[in-house]
Amino acid sequence: MDPQIIAVAGTASTAIVSAMATDGWQRARDGVVALWQRFRPESADTVHEDFEENRRVLVASLQAGDEHTHAALVAAWNGYLLTLLLAQPQALDALRQLNATLAQENTSAAGASLTMTAHASGKGQVFQAGRDQNINQP
């Protein structure tokens, strides 16, 4: 599988799920559904319903203090997006555009931007994250 497709799907799935927990969730839903209507119209209604249900699950889990649901939903949306891109590779540019829009809205909703810089030399390692990060090394 093309690493570029994997990267775009991964970034977009995170942006989609993050948008579900913001006031801009309807715009995110509309953008996701429009993507499916354009490239997989037979699945657009199902994606709409899944988005709505996933949002309800996410909001309830956040209210309960459960952060694991977010990661599970990101993985699920990554699967949706990879399936879409494998069937319709021409959707890659449209997904990039949706991702950029969602990233901009998520940054605006958060009211801040994030810039990270790191330098490592020799055998040094750098681990950076704008959110939770788990590192398992021997």
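Above this text sits the structure in question.
Residues numbered from 1 in each chain as written. Predicted model: local features only at pLDDT ≥ 70, side-chain atom pairs only at ≥ 80, totals over all residues. Heavy atoms only, no water.

Novice: Looking at this structure, how should I read the pattern of salt bridges?
Specialist: Once their charged atoms are close, side chains differing in charge can pair, the charge on each being opposite to the other. All told, the structure shown has five salt bridges when counted by the stated rule. Note that Arg56 is salt-bridged to Glu53, the shortest N-O span being 3.0 Å. Of this pair, Arg56 and Glu53 both sit in helix H3 (residues 44-63), three residues apart, which is roughly one turn of that helix. Owing to a relative accessible area of 37%, Glu53 belongs among the partly exposed residues under this scheme. Through salt bridges with shared partners, a single network forms among Arg29, Asp30 and Glu52. (Salt bridge = Lys/Arg side-chain N within 4 Å of Asp/Glu carboxyl O. Helix = DSSP H or I, 4+ residues; strand = E, 2+ residues; numbered from the N terminus. Buried < 20%, exposed > 50% of the residue type's maximum accessible area, 1.4 Å probe, protein only.)

Novice: Mind showing me how you'd approach the packing of aromatic side chains here?
Specialist: Each aromatic ring pair is summarised here by two numbers: the centre-to-centre distance and the angle between the ring planes. Applying the stated criterion across every chain, the model contains three aromatic pairs. Ring geometry for Trp36 against Trp77: centres 6.4 Å apart, planes inclined by 85°, an arrangement best described as edge-to-face. Of this pair, Trp36 sits in helix H2 (residues 25-39) while Trp77 sits in helix H4 (residues 68-87), and the two are 41 residues apart along the sequence. For Trp77, a relative accessible area of 0% translates into the label buried. Put simply, the rings of Trp36, Phe51, Trp77 and Tyr80 pair up and form one aromatic cluster. (Phe/Tyr/Trp six-rings, centres within 6.5 Å; stacked < 30°, edge-to-face > 60°.)

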